[in-house]
Amino acid sequence: MRTAIFPYKFISHFGCSNNNRGALRITMSPLFPLLLLSYVSYGLSYNCLNTGYDCKNGGACDYFGRCKCPPGYTEVDCGLDTASITAAGACRAACLNKGICFNGISCYCPEDYIGTKCEVPVLSAECGMSSMKIRAYRPLNFNGEMFLKQSMFGCKLTEMFTNVPGYKMYELDIPLEAIAPCSLKRTENPETGDTTYEVEVATAHTKGLFSMSDTVHNVQCVYEARRMGENPVDVTAAMNPLTVKVVDSNERPLQQVQRNDAFYILAESNGKFPDTTGARIRYLEAYSLDRQTNEVKTIKLIEDECPIEAAVSLLGFTPSNVPFELNGKWLGRVEMKGFFLVDGEPLLIDYRAKLCRSKCYEKSCNSPPPLTIPKTAPFKDLITPIEVV
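Owing to the predicted nature of the structure, the values given are computational and were not obtained by experimental measurement.

J.: Honestly, the overall build of the protein chain in this entry has me stumped. Any pointers?
T.: Helices and strands together make up the secondary structure of the protein chain, namely one helix and 28 strands. The buried share of the protein chain, taken over its 389 residues, is 44%. Carbon and sulfur atoms make up 52% of the accessible area of the protein chain, which totals about 21,100 Å².

Written out as structure tokens, the structure reads:
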């Protein structure tokens, strides 16, 4: 299995948040190392020309598939009696996703959400560590099919059991590294390292056919990152797959360390994804803000799991990055020493990590051997020697 790699700064977005002369203070707010965010790029287009999407209360379906509502009724299907709409202050229902409260206790959902509180998206993606699961709901009398746009016959969503009343549920689980025809489009932001997986999902309301009233929607999973020390908005904390902390040699949380004293950065799988139990730091960069010049000073410590030679020479120590077992779990652990980039200013950490099915094995970071020049070339053809004076 290929390991899934996620930036650590979080997004949600998942967000990772993270003076005294002569000491290094590391201040960290709660860490949200990874953002798993799924969304549909645009509305689901209620079309009354399709089976299961009728106009209610005497509404008329026009040529373009839109319901024309009689007086006193509103919304895409004319299903909401305007006289029943309840003001927010008088509503006892916690309607989500722009749901409209009516009769004081119920929620009328927009076209792309269902459920008693409008909490269930009609089309969404469950963003996993190694796959993207597409999930869709359609009316009970829907008799069409759903599939990835690139393959009408090879990449169909399958009808599954659901306890959501009045709807059928369809799913398709796509590995992030899937190959054609059921592959995902992968893009990476070169500046932030954020990775997006996306695919277009088609709905045909008649099997084997695709008409003007059918739809195609883009669904995405975003794996994002932020810097420790920033304050991102956490909108998906429940999906945080990793805990990252700074500790001393006894694994006790640490916020301050003396110059040249050892400390450790630990990355640990927190059990959100049962199939991933190991963790490892993949990238590490320290940075500080010079308050006098308002400039940020940085130094890369680890890249592609290996210490950066230039940093080793400058700092006088080698950050170690080895698999570490604690209480039966495999953790990523980087050993560091206290140092300053800007005297008296806190040291902040920008990092990325990966999760593994069990132990993340240590990568070989040995330098390549020097290039050997064959004895017969190129000097055998050199006619005039060059004198060095």
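J.: Please explain the sheet that holds strand E16 (residues 167-175) as it appears in this structure.
T.: Within a sheet, each strand pairs with its neighbour through backbone hydrogen bonds, oriented either parallel or antiparallel. The four strands lie next to each other as E12-E13-E16-E15, forming an open sheet whose pairing is antiparallel. Of all strands in the sheet, those bounded by a partner on one side alone are strand E12 (123-127) and strand E15 (158-160). Put simply, the sheet's adjacent strands are angled 30° from each other on average, direction ignored. Where E12 and strand E13 (residues 131-139) come together, five bridges link them in antiparallel fashion.

J.: Any chance you could explain the packing of aromatic side chains here in plain terms?
T.: In this description, an aromatic ring pair is defined by two values, namely the gap between the centres and the angle between the planes. Counting across every chain of the model gives five aromatic pairs. Both rings, one in Phe 102 and one in Tyr 108, keep their centres 6.2 Å apart while their planes meet at 75°; by these two values the pair is edge-to-face. Considering the side-chain rings of Phe 142 and Tyr 170, the 5.8 Å spacing of their centres and the 85° angle between planes classify their relative orientation as edge-to-face. Here Tyr 170 lies in strand E16 and Phe 142 lies in the loop between E13 and strand E14 (145-148), a separation of 28 residues in the sequence. Summarising the burial analysis for this pair, Phe 142 and Tyr 170 share the class buried. The aromatic ring of Phe 324 is capped on one face by Arg 333, whose charged end is 3.8 Å from the ring centroid.

J.: Help me understand the state of the cysteines in this model?
T.: Where two cysteines share a covalent bond between their sulfur atoms, that bond is called a disulfide. One pass over the full model with this rule turns up 10 disulfides. The residue that forms a disulfide with Cys 95 is Cys 107, at a sulfur-sulfur distance of 2.1 Å. Across the disulfide from Cys 95 to Cys 107, rotation about the S-S bond amounts to roughly -95°, and the bridge is consequently left-handed. Taken together, the residues span a long stretch of sequence, with Cys 95 in the loop between strand E7 (80-81) and strand E8 (100-102) and Cys 107 in strand E9 (residues 106-108) at a distance of 12 residues.

J.: Explain the layout of surface pockets to me, please; I cannot follow it from the model alone.
T.: Taking a probe equal in size to a water molecule and rolling it over the atoms shows the remaining empty space. Empty space within the largest pocket amounts to approximately 790 Å³. Tyr 46, Glu 111, Tyr 113, Ile 114 and Tyr 167 are the residues nearest the centre of the largest pocket, which is lined by 39 residues in total. Looking at the lining of the largest pocket element by element, the count peaks at three residues for E13. Across the lining of the largest pocket, the residue classes tally to 17 nonpolar, 14 polar and eight charged.

J.: What should I look at first to understand the nonpolar core in this one?
T.: Within the largest apolar cluster, 26 residues are counted, with the highest numbers of intra-cluster contacts made by Ile 265, Leu 284, Leu 301 and Phe 339. Among the secondary structure elements, those contributing two or more residues to this core are strand E20 (242-247), strand E22 (262-269), strand E23 (278-290), strand E24 (295-303), strand E27 (329-337) and strand E28 (348-356). Residues in contact with Leu 284, not counting those within four places in the same chain, are Ile 265, Lys 300, Leu 301, Ile 302, Val 334, Met 336, Ile 349, Asp 350 and Tyr 351. Grouped together as the second largest cluster of nonpolar side chains are 22 residues, Met 132, Met 146, Leu 184 and Cys 221 included.

J.: Even after reading the chapter, I still don't get the UniProt feature "domain: EGF-like" (unreviewed entry) in the protein chain, so can you show me in this structure?
T.: Residues given the UniProt feature "domain: EGF-like" (unreviewed entry) here are residues 44-79 and 87-119. Between the first and last C-alpha atoms of residues 87-119 the distance is 20 Å; the span itself is 0% helix and 24% strand.

What counts, and where the lines are drawn
- Residues numbered from 1 in each chain as written.
- Predicted model: local features only at pLDDT ≥ 70, side-chain atom pairs only at ≥ 80, totals over all residues.
- Heavy atoms only, no water.
- Helix = DSSP H or I, 4+ residues; strand = E, 2+ residues; numbered from the N terminus.
- Buried < 20%, exposed > 50% of the residue type's maximum accessible area, 1.4 Å probe, protein only.
- Areas by Shrake-Rupley, 256 points an atom, 1.4 Å probe, with all protein chains shown as cover.
- Pairing = 2+ DSSP bridges.
- Axes fitted to C-alpha atoms, helices over the stretch in contact; angles between N-to-C directions.
- Phe/Tyr/Trp six-rings, centres within 6.5 Å; stacked < 30°, edge-to-face > 60°.
- Lys NZ or Arg CZ within 6 Å of the ring centre and 35° of its normal.
- Disulfide = S-S within 2.5 Å.
- 1 Å grid on protein atoms, 1.4 Å probe; cavity = no way out; pocket = protein on both sides within 12 Å on 5 of 7 lines; lining within 4 Å.
- Points joined across faces, edges and corners; volume = space filled by probe spheres on them.
- Nonpolar A, V, L, I, M, F, W, Y, C, P; charged D, E, K, R; others polar.
- Core = buried A, V, L, I, M, F, W, Y, C linked by side-chain atoms within 4.5 Å.
- Contact = heavy atoms within 4.5 Å.
- UniProt positions renumbered as here; feature names shortened; annotations may be inferred.

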